Amino acid sequence: MVRATAMILTVIVLCAAPAAATELQWWSHWAIEDAKKAVLFEAKRRFEAASPGNTVTITFYEKKNMWPTLRAAFTAGSGFPDVFYYDMDVPEFMTAGWLADLSTGVRWQNIEPFGKAFWTRPGQGGKTGTWAIPVEAASDEIYYNRKMFKELGITVPATFVFTQDQFKDVVAKCAKAGYAAFATGAADREWAAHYIPNALLLDKLGADETLKLFRGEGSWKDPRVVEVFRYYKELIDLGAYAKTLSSMTLAEAHRYFHTEQKACMFPVGSWYTGRAFVPPDKGGQPKDFELGMLNNPQMKDGKGHGQKFLGVAGSLAVAAKSPHLPLAVKVADAFADVEIGNMWMARTGVQTGIKTEPAKIDSPLKWYFDEYARVNKSTKWVDLTAQQVRLLMKPGVWETYVATVNQGLPNKVIGPDEALARLEEARLKGK
Amino acid sequence: MLVTFYNSVHTLRMDLGMQSEYVGLEHFREIVRDDDVFWKASRNSLTWAVAAPLVDMPLALVLALLLYRRVPFARFFRTVWFTPVLMSYPVVGVIWLWVYNYDWGMANLALRAVGLGHLAQAWLASPATALPALILVTTWMFAGFNMVVLLAAIHAIPADYLDAARVDGASGWRRTWHVIIPLIRPTLVNLTILDFIGKMKQFALVWVMTRGGPMWGTETVATYVVKRAFEWKTLDLGYPSAVAVLWFVIIFGLSWGLTRALQRREALEF
């Protein structure tokens, strides 16, 4: 009897004991972006409040160092985090089966349909899944320094669009005044100098043919492509890029544009705001910096007037083999929340794939949202960004595109004809 | 290593659920026939491996002889010259990225300071200057190491030999040329071979400073292998493994040949 009572008591005690606490690991990019980090920590706080006893540890990495570490950990089958920053820099993670399918377990009603659609793709063995939460969305933009434009006597048209001749004139005026036209730093990003040529190609060819060109279905010897590249080379020869292009990092390019003010324009993703709209002592733009936005320059006889690239950027994925998979999915789900979407917009000024309630967004960045809306009032969005072009290109073509368009052309090492010949050769190789 | 050999004759079929498929020597055929980047990377690696010892070894020898002759502040210079080898490649890479910065880098500031501002340039932006710029960095890094080893070798020469030469009226230059250098030849040969092999495998410095650019101007075989393995987004290690195997064979062959050639010459002399 005593024995039976003891057993029952033991069972009761065991059942009543709280579940073992779990510490989940979350690896994130955005180490130097305080506004984004604030949102990340809010999502972590919400998860921990909703799952008592479980904690999340966030480790911050520079993105380019995080990918090889993740790749090695997944290949080894150990040492990977439960949740991690993810974007289209490493599409092979999906096909390798390293990402958990988030089709269920996430409140997708709080995610914009375009965001869910973006991450719903074939995974390992062709099985379709939804692989990430689209936290950040971004368009390819051309920002400019209003004060500098005024100083140089440059007037921005009411449509925010320069014709190709006007744009050349803008570049010439900047260069003549001793400024670079574009604050581009290609030292740590292989697509940094792609924004302008991509925009010119889009305007000239239109979305369909530009995407075909990138997919390898169109020729780089197409006379319209040749015209775009030759025009682009004219801009380069006028002094479009700083001589520091190849040694300047993305972070340095931001400072070059808004703090040192050595360039008139900054062609970059609209995630610019994530780095720029923080206090100046944290690398943000000075309080008195007057930021303006442009639309893509209009090429003669272009088919893509008014079009711009927009795509999902920084996202959140869960490791398929996480030992705490249900909890890890809950961490990701903490982001699928309209309040988080509102906070993201208010703090970072960057678009998001999470649904938001604009009326409830109380942000000191409202002026920026208004400016963005004004400039992009008639924009026809094309689902792609400079970072995602590699998804369409074959690896060998992408490598050549980086070598020629991010390095050779802007550094004046090669001319447009050589660049196009190399691209066409790579395309025909089909690798 | 065995896995690399295995991978080099296989390819990964993602469409078949990550199955490995035997392809024989297909990868090797493709490398030899069609891969321009591999050949460019090979040329760069070979240029580096040949040029670096030609610069490193005489420089290290001169520094070692200066210290041997007890120039003023010899201990200070020995520490200063040796320090770079204690630093890791990423640290050295970042330091030299600053040195080569167009606007405020020390290289261009020095040129501007002496009135040669017209020679200032973006050193890592052109294939013509990027590779020499990187070779200079490895020279800065390893001259001190080679110097210390050579200095030890010089100190190991029996004093009688040098005293005898002095008694015979040999000048300092003649003692160096006819006594010291022949006696430290084995050390020189070994350091040269090590230098050669090290440069054939050069990876980390390039990765930090240029990632093989501009226009493959500093691409080495090692960086190309890593790019093909991890940046082509295919997860297929077959082709990069074949490049690695081929390069291993080339390095092995050249090192063996170099060792034989230098040792044979040595045998003739002694």
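Residues numbered from 1 in each chain as written. Chains lettered and ligands numbered in written order. Predicted model: local features only at pLDDT ≥ 70, side-chain atom pairs only at ≥ 80, totals over all residues.

Caption draft 1: View of the overall build of chain A. Within chain A one finds 17 helices and twelve strands. The globule rule puts the C-alpha radius of gyration for 431 residues at 22 Å, and the 24 Å found for chain A is close to it. The principal-axis extents of the C-alpha atoms in chain A amount to approximately 95 × 50 × 35 Å. Across the 431 residues of chain A, 51% fall into the buried class. Nonlocal contacts in chain A, meaning residues at least 24 apart in sequence, comprise 79% of its contacts between residues at least 6 apart. (Helix = DSSP H or I, 4+ residues; strand = E, 2+ residues; numbered from the N terminus. Rg over C-alpha atoms; globule rule 2.2 N^0.38 Å. Buried ≥ 20, exposed ≤ 12 C-beta atoms within 10 Å, placed from the backbone. Contact = placed C-beta atoms within 7 Å.)

Caption draft 2: The sheet that holds strand 11 (residues 315–318) of chain A, seen in detail. Residues and elements named next belong to chain A. The strand order 2-1-3-11 describes an open sheet built from four strands, whose pairing is mixed. Edge positions in the open sheet fall to strand 2 (55–60) and strand 11, since each of these has one partner strand only. Strand-to-strand twist in this sheet, taken as the mean axis angle between neighbours without regard to direction, amounts to 25°. Summarising the sheet, strand 1 (residues 23–28) and strand 3 (residues 83–86) pair through two bridges and their orientation is parallel. By the bridge assignment for strand 3, Trp27 is matched with Phe84. Strands in contact with helix 2 (residues 34–50) are strand 1 and strand 2; relative to strand 2, the strand with the most contacts, it is inclined by about 160°. (Pairing = 2+ DSSP bridges. Axes fitted to C-alpha atoms, helices over the stretch in contact; angles between N-to-C directions.)

Caption draft 3: Summary view of the domain arrangement of chain A. All names here are of chain A. Along its sequence, chain A is carved into domain 1 (20–136 + 313–361) and domain 2 (138–310 + 371–429). Computed from C-alpha atoms alone, the centre-to-centre distance between domain 1 and domain 2 is 29 Å. The partner domain 2 presents 17 residues to the 15 residues of domain 1 that form the contact. Sorting elements by how many residues they give to the side of domain 1 that touches domain 2 places helix 2 first, with three residues. Of the residues that constitute the side of domain 1 that touches domain 2, the class distribution is six nonpolar, three polar and six charged. (Domains from an automatic or database assignment. Nonpolar A, V, L, I, M, F, W, Y, C, P; charged D, E, K, R; others polar.)

Caption draft 4: The nonpolar core, seen in detail. Ala263 and Ala332 of chain A are the most contacted members of the largest nonpolar core, which has 174 residues in total. Counting residues per element, this core draws most heavily on helix 8 (residues 195–215) of chain A, which supplies nine residues. When residues of this core are assigned to domains, at least three map to each of domain 1 (20–136 + 313–361) and domain 2 (138–310 + 371–429) of chain A. Sequence-distant contacts of Ala263 of chain A, defined by excluding residues within four places in its chain, comprise Tyr179, Ala180, Ala181, Phe182, Ala183, Ala242, Tyr256 and Phe257 of chain A. Leu61, Phe142, Leu151 and Ile180 of chain B belong to the second-largest nonpolar core, a separate cluster that totals 16 residues. (Core = buried A, V, L, I, M, F, W, Y, C linked by C-beta atoms within 7 Å.)

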